[in-house]
Amino acid sequence: MKSITLFLLVFLPFSLFCQSINDFKYFNKEYANDNYIGIAPTIVSISNNEAPNPEQHKISGLSGTLEIRKVNFDINDSRFLYRNKLVFDLFLIVDNMINDDGNAYYRSEGSGLTTGIIGWYSKTWNIYSNQRLCLSVGGNLNDYFLTSSYRLEDTNSLSTNEPNGYYFSAGPSILFDFLVNKNFIVHAHANYSMSYWRAANNTYGDVIEDDSYPKPHFAGLNLQLQSKWGVYTEVDYNFLINRGNNPNNTKRIELIIGFKLPI
């Protein structure tokens with residue numbers, strides 16, 4: 001009897017909720033069929049557990065992100081998601097290069113993963129939509145800055161191995177939306193991106209370049225809870241898929257709290 005009561009308490013409110021995903025309101029206006037921009041602070045953590053000294057490859061601090069999103073739930077219609085973090089990450093990089101006394105910069109070993117100059121762009125088409133959810137599939141065009149520099153014990157010099165550099169990549173993307181209730185909607189995004197061109201090599205430390213090394217792939221998972229009041233919370237996870245034998249599994253995870261405006 002208690003199990004039945006608990007089931008009813010959890011699922012009955014959802015069964016009684018009959019609002020359509022297309023009827024979700026944003027400040028009492030229609031949310032769908034519009035573009036939105038958000039600039040938000042983030043708490044970011046970057047790590048590379050396969051590095052010889054993994055503790056030296058942990059970076060954390062404040063950064064930021066820019067997001068532009070087209071919202072559309074109609075079947076066969078297209079939509080897009082654009083994100084860029086590079087400008088905000090420059091402050092994070094500088095902050096982690098300052099000496100403890102705050103008066104000088106130093107070159108240390110470490111790993112990094114961020115957007116390139118252009119950013120991360122996914123365009124998809126809605127293939128399924130009902131009263132509560134929408135599924136959209138398509139592709140992405142992304143660029144990445146990737147670096148991992150290790151300090152050699154015998155010479156105390158910095159060595160940057162493959163994979164590293166400025167990569168352009170492409171691959172499949174999926175967007176998924178779920179209407180929680182009249183106040184909240186969930187946006188989920190997943191992408192797999194395969195590098196096809198390295199535009200530039202990393203010049204940090206002694207670079208060991210190997211053009212025969214397999215170009216890296218990248219993947220990302222994003223979960224966002226959007227409220228009807230404009231405020232949203234988000235977890236963003238992006239990571240390197242190293243296709244060679246050198247030790248590198250750089251990843252970044254971010255906690256984001258921001259506000260969006262229609263444009």
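Residues numbered from 1 in each chain as written. Predicted model: local features only at pLDDT ≥ 70, side-chain atom pairs only at ≥ 80, totals over all residues. Heavy atoms only, no water.

Comments concerning the overall build of the protein
Thought 1: Check the secondary structure of the protein and you find 2 helices and 14 strands.
Thought 2: Out of the 263 residues belonging to the protein, those deemed buried represent 44%.
Thought 3: Just so you have it, the protein exposes about 13,500 Å², and 63% of that area is on carbon and sulfur atoms. (Helix = DSSP H or I, 4+ residues; strand = E, 2+ residues; numbered from the N terminus. Buried < 20%, exposed > 50% of the residue type's maximum accessible area, 1.4 Å probe, protein only. Areas by Shrake-Rupley, 256 points an atom, 1.4 Å probe, with all protein chains shown as cover.)

Re unusual backbone geometry
Thought 1: In this structure, Pro163 follows Glu162 across a cis peptide bond, with omega equal to -5°.
Thought 2: Inspection of the secondary structure assignment puts Pro163 in the loop between strand E8 (158-160) and strand E9 (165-179).
Thought 3: Phi is positive for Phe27, which is not a glycine, with a value near 55°.
Thought 4: Along the chain, Phe27 turns up in the loop between strand E1 (25-26) and strand E2 (29-30).
Thought 5: Owing to a relative accessible area of 44%, Phe27 belongs among the partly exposed residues under this scheme.
Thought 6: The phi dihedral of Asn33 is positive, around 60°, even though this residue is not glycine.
Thought 7: Residue Asn33 is classed as partly exposed on the basis of its relative accessible area of 43%.

Comments concerning the environment of Thr250
Thought 1: By the element assignment, Thr250 lies in the loop between strand E13 (231-241) and strand E14 (251-262).
Thought 2: Counting along the chain gives 199 residues from Thr250 to Ala51, while the straight-line C-alpha distance between them is 8.9 Å.
Thought 3: Setting aside residues no more than four positions away along its own chain, Thr250 makes contact with Ile46, Ser47, Asn48, Ser111, Gly112, Leu113, Leu146, Ser148, Phe239 and Leu240.
Thought 4: A distance of 2.6 Å separates polar atoms of two side chains, one belonging to Thr250 and the other to Asn248. (Contact = heavy atoms within 4.5 Å. Polar contact = N/O pair within 3.5 Å; in protein donor to acceptor, adjacent residues only side chain to side chain.)

Observations concerning the packing of aromatic side chains
Thought 1: This structure, assessed with the given rule, holds 15 aromatic pairs.
Thought 2: For the ring pair Tyr166 and Phe168, a centre distance of 5.0 Å and an interplane angle of 50° mean the geometry is tilted.
Thought 3: One aromatic cluster is present, formed by Phe24, Tyr26, Phe27, Tyr31, Tyr36 and Phe259 through successive ring pairs. (Phe/Tyr/Trp six-rings, centres within 6.5 Å; stacked < 30°, edge-to-face > 60°.)

Focus on the pattern of salt bridges
Thought 1: The full count for this structure, using the stated rule, is 11 salt bridges.
Thought 2: Ionic pairing is found between Arg252 and Asp89, a salt bridge with its closest N-O pair at 2.7 Å. Of this pair, Arg252 sits in strand E14 while Asp89 is found in helix H2 (residues 86-95), placing the two residues 163 residues apart along the sequence. In this pair, the class of Arg252 matches that of Asp89, namely buried.
Thought 3: Across the salt bridge formed by Arg198 and Glu162, the nearest N and O atoms sit 2.7 Å from each other. (Salt bridge = Lys/Arg side-chain N within 4 Å of Asp/Glu carboxyl O.)

Some details on the confidence of the model for the protein
Thought 1: This prediction gives the protein a mean pLDDT of 88; 85% of its residues lie at or above 70.
Thought 2: For residues 7-12, every residue scores under 50 in pLDDT, and the model assigns this stretch 2 contacts once sequence neighbours within four places are set aside.
Thought 3: Of the regions scoring below 50 in pLDDT, residues 102-106 engages in 11 contacts with residues more than four places distant in sequence or in other chains. (pLDDT = per-residue confidence, 0-100.)

Quick word on the pairing of E14
Residues in a regular strand project their side chains so that they alternate between the two faces of the sheet.
Thought 1: For strand E3 (residues 34-47) and E14, the ladder comprises 9 bridges, and the chain directions are antiparallel. Following the sheet pairing, Ile43 is matched in E14 by Leu255.
Thought 2: Two strands pair when backbone bridges link them, and E13 and E14 are joined in this way by 9 bridges, in the antiparallel orientation. Directly across from Tyr232, in E14, lies its bridge partner Gly258. (Pairing = 2+ DSSP bridges.)

Focus: the nonpolar core
Thought 1: Formed by Ile21, Phe24, Tyr26, Tyr31, Ala32, Tyr36, Val71, Phe73, Cys134, Leu179 and Ile185, the largest nonpolar core amounts to 11 residues.
Thought 2: With residues near it in sequence (within four places) discarded, Phe73 still touches Ile21, Asn22, Tyr31, Ala32, Arg79, Asn126, Ser129, Cys134, Asp177, Ile185 and His187.
Thought 3: Among the nonpolar cores identified, the runner-up in size contains 7 residues, and Leu113, Trp120, Leu146 and Tyr167 belong to it. (Core = buried A, V, L, I, M, F, W, Y, C linked by side-chain atoms within 4.5 Å.)

Points about the pairing of E9
Thought 1: Sheet topology note: the strand E7 (residues 133-151)/E9 ladder contains 14 bridges and is antiparallel. For Asn140, the partnering residue across the bridge sits in E9 and is Gly171.
Thought 2: Pairing between E9 and strand E10 (residues 184-200): 12 bridges, direction antiparallel. The partner of Phe178 across the bridge, within E10, is Val186.
Thought 3: The antiparallel pairing of E9 with E10 creates a hairpin that spans 4 residues between the two strands.

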